[in-house]
Amino acid sequence: MPLVKSTSVPSQASLDLITLHVGDSIVLGDYKITFSSLGRINPGNVLAADIEVSGPEGKDGYPLSNGDWALYPSATNPLLNISVVWLKENEQTALIRVSSPLEKLIPDETLSVGDYLTLPSGFPRIKIKLAAAYSTRAVFNIYLPYTSTPKTVTVDEDDGVGVAYKLAEDMYYSPYIFIYLKDSKSGSSAKFDLYVPKVFSTKFQIERTSSGTTTPIEAKVIEMVYDNLLYTGESLPVDVNGTEYRIKLLSTIPNIAKVAVIKGNETLDTLVLETGDVPKKVKNAPIELAVQKVEVQYNRATIKIYAPQGSTAIPILRSANIKVGIDTSQKVVMLGNNLVVVITVQNSGKGDAYNLNVAAPIPNNFEVVSAVKTWELKTLPAFADMPALIYVLKPTKVGEYRIGRAVVTFYDPKSIDTGKKKTAVSNELSGIKVYAIPEVSVSAAAYNGTWSDYIRTGPGKQIKIRFSVRASAGNPTFEFVKNATLSIELPGNLEGPATIPLGMIKAGENKTVEASFKVTTEDFGLVRARLTYLDPLGGHHELNLGNLITVNSLPPKIEVKEKVVKVYPDTKELPQFINQTLSKMTDATPLAKEIAGIVNAYIPPKKSTNYWKPLGILFLLLSIVLGAAAYRYWAGYERAMAELRRKKKSRPGGLPKKEVREEESTEEKAEELI
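Residues numbered from 1 in each chain as written. Predicted model: local features only at pLDDT ≥ 70, side-chain atom pairs only at ≥ 80, totals over all residues. Heavy atoms only, no water.

S.K.: How would you sum up the pattern of salt bridges? Please name residues and give values.
M.R.: Using the criterion set out here, one finds 14 salt bridges in the structure. Here Arg 208 makes a salt bridge to Asp 24, at a shortest N to O gap of 2.6 Å. Of the two residues, Arg 208 is situated in strand β18 (residues 204-210) and Asp 24 in the loop between β3 (18-21) and β4 (25-28); the sequence distance between them amounts to 184 residues. Both residues of the pair, Arg 208 and Asp 24, count as buried. (Salt bridge = Lys/Arg side-chain N within 4 Å of Asp/Glu carboxyl O. Helix = DSSP H or I, 4+ residues; strand = E, 2+ residues; numbered from the N terminus. Buried < 20%, exposed > 50% of the residue type's maximum accessible area, 1.4 Å probe, protein only.)

If you want it as structure tokens, here you go:
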């Protein structure tokens, strides 16, 4: 009983291919398909068959040439699809296929293990039993009304299996039921959709015409028993009513395959098949052959084999040859950076590989940044490559590591037969080195009798500066810096080397270097420096160290402090001084109020909003008083001096001391007068 397996629901169910002579008819339920005539039509003088279809929806006719098809009763409501596989004008025959679209009869049906589902009234008495349920697949027993032996099928999740229904001897309607498994719970239940053809009647007959009368006769039916690959040199066994024939692919060239048909030790026929041609009959054998595709690069062709109903082609079990590779973008990496790993899988064998599972190695001291550890693929055809599996690792510790091997498990036609998985292993990815930079610190001291970061010196003297460079503790093999160099920025009062090479500094190492410098001028200078180095992979780094040493070559300074004597404005300048002072202040209000309080004490009570007027009068009176006092003092001084001069003139000669005393007494009198 033919089975149909598909990862998606087939579009239609079909009867086996049927050969009709002009006037013959196919009856399926309420529908009749008649091959009424064969002739040539214009334009193009094309050979075409007149096909008439009648049923409850009416009667219609279709001229169909090789490869043509028609939808009845309409393209928007198709119930039947009638297609012509080939036409033979000299024999007045046609090879016809009749199909009906599949539709969902029962959606989301859930059966517990051991339960049955029976098709509704109007359908054949077909029962479906859930025999077993697993985590990703389920096993069903299909009970058909014309046999006591159930058909057992295994269906994977998101996959489907169809079962044909036997309409007559050597005539099948396939798939008549199609089970699409949506979910399976281990040991419990299964959820599925059930599909059937729109024209689901199992009433079938072929009517042959003779001398104008219609008489039902036995149908001579051929069907396609093989539509798959053959490689050059392979022989495919085909059993026809107990007789074994072997179809051997001899050679391939573009679009052409050369095939031999062998029975026992005898070659019955050798055919040259061209892609696109109708099937060719084999001499002395009830077999027809066609080629669908030729792939010269793989020495193979897709061969179609037609034989009488009930014939079987025994599949050739071919081994898949899975090759796995693992590589990385780089073999050395800095700690904290990413390592990209690529796994490639190729099938270089003639057999397809199924249910591939790729396990990616994850070593210790690495964490996965992206992607997954495993990847699955349902089918990898022969001579096909699996899309590259890329994932990213980040090292967490320095050292040398072995990433490991990628492992692929799979089935091929031979291992499915034995039920044992096959395993393919990649090369080993090793020698991955992870480096890091230790933390580097620099200190400095200058020598001028003692070591310090501050020294006093003078022009013409020599000083020494010692630099200590230390790397933090770690693994010296994988943690270090190289080509380390101190670049020194000297002040104007020093001369000496501008750079000091340090070379490699490993983790835990302390390097000390000294250099001499000459003091050239009197100045106060700061010695600055920066450390440049390369990481283990050659990346450039720079550490700015700032000010390290202070060099004071200035002589001692004598500080001179000047006494500041405050000078107050005179009475005339005072108003202007007050005005300027207030105008320059951000907030002059507090001072203005304080001045106003002082001034108001000298102003007679009077309502006035003009404070500057009495203040001006006050300053004017003050100026008059002070001026009068100054004038009186000056006038008294002049009178006293005049009297003194007069006395000197009236007494010439005399003793000096007495004159001095007289002068002193005169000055005293002048002061008294004043």
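S.K.: Just give me the short version of the side chain of Asp 193, but keep the residues and values in it.
M.R.: If you trace the backbone, Asp 193 turns up in strand β17 (residues 189-197). Of the residues examined, Asp 193 reaches a relative accessible area of 4% and is grouped as buried. Among the polar contacts made by the side chain of Asp 193, one reaches the main-chain amide nitrogen of Asp 108 at a distance of 2.7 Å. (Polar contact = N/O pair within 3.5 Å; in protein donor to acceptor, adjacent residues only side chain to side chain.)

S.K.: Before we move on, could you go through the pairing of strand β44 (residues 480-489) and cite the residues and values that matter?
M.R.: Along any regular strand the residues' side chains alternate between the sheet's two faces. Note that β44 and strand β46 (residues 499-506) share six bridges and pair antiparallel. Bridge pairing in β46 places Leu 486 opposite Ile 500. Relative to strand β48 (residues 524-534), β44 runs antiparallel, the two sharing six bridges. Within the sheet, the bridge partner assigned to Glu 489 lies in β48 and is Arg 528. (Pairing = 2+ DSSP bridges.)

S.K.: Before we move on, can you summarise the packing of aromatic side chains with the specific residues and values?
M.R.: Applying the stated criterion to the full structure yields 12 aromatic pairs. Taken together, a centroid distance of 4.0 Å and an interplanar angle of 25° make the contact between Phe 123 and Phe 200 stacked. Pair noted here: Phe 123 is in the loop between β11 (116-118) and β12 (127-133) and Phe 200 is in the loop between β17 and β18, with a separation of 77 residues, a long-range link. Between Tyr 173 and Tyr 176, the aromatic rings sit 5.7 Å apart at their centres with planes inclined by 55°, giving tilted as the arrangement. Here the two residues Tyr 173 and Tyr 176 agree in accessibility, since each one is buried. Through successive ring pairs, a cluster of aromatic residues spans Tyr 165, Tyr 173 and Tyr 176. A cation sits over an aromatic face here: Lys 88 above Trp 86, 4.4 Å from the ring centre. For the cation-ring pair, Arg 466 lies above Trp 451, with the distance from its terminal atom to the ring centre recorded as 4.0 Å. (Phe/Tyr/Trp six-rings, centres within 6.5 Å; stacked < 30°, edge-to-face > 60°. Lys NZ or Arg CZ within 6 Å of the ring centre and 35° of its normal.)

S.K.: Tell me about a nonpolar patch on the surface, and please be specific about residues and values.
M.R.: Judged by side-chain polarity, Tyr 454, Phe 524 and Leu 554 come together as a nonpolar surface patch covering roughly 260 Å² of accessible area. By the secondary structure assignment, Phe 524 is in strand β48. Take Phe 524: its relative accessible area is 43%, and that puts it in the partly exposed class. (Patch = residues over 30% accessible without salt bridge, like charges linked within 9 Å, V, L, I, M, F, W, Y side chains within 5 Å. Areas by Shrake-Rupley, 256 points an atom, 1.4 Å probe, with all protein chains shown as cover.)

S.K.: With reference to specific residues and values, describe the sheet that holds strand β47 (residues 510-519).
M.R.: The strand order across the open sheet built from five strands is β41-β40-β43-β47-β45, with neighbouring strands paired in antiparallel fashion. With partners counted over all chains shown, the strands left at the sheet margins are β41 (451-452) and β45 (494-495), one partner each. Note that strand β40 (residues 440-447) and strand β43 (residues 462-471) share eight bridges and pair antiparallel. Each bridged residue has a counterpart across the sheet, and for Ser 443 the counterpart in β43 is Ser 468.

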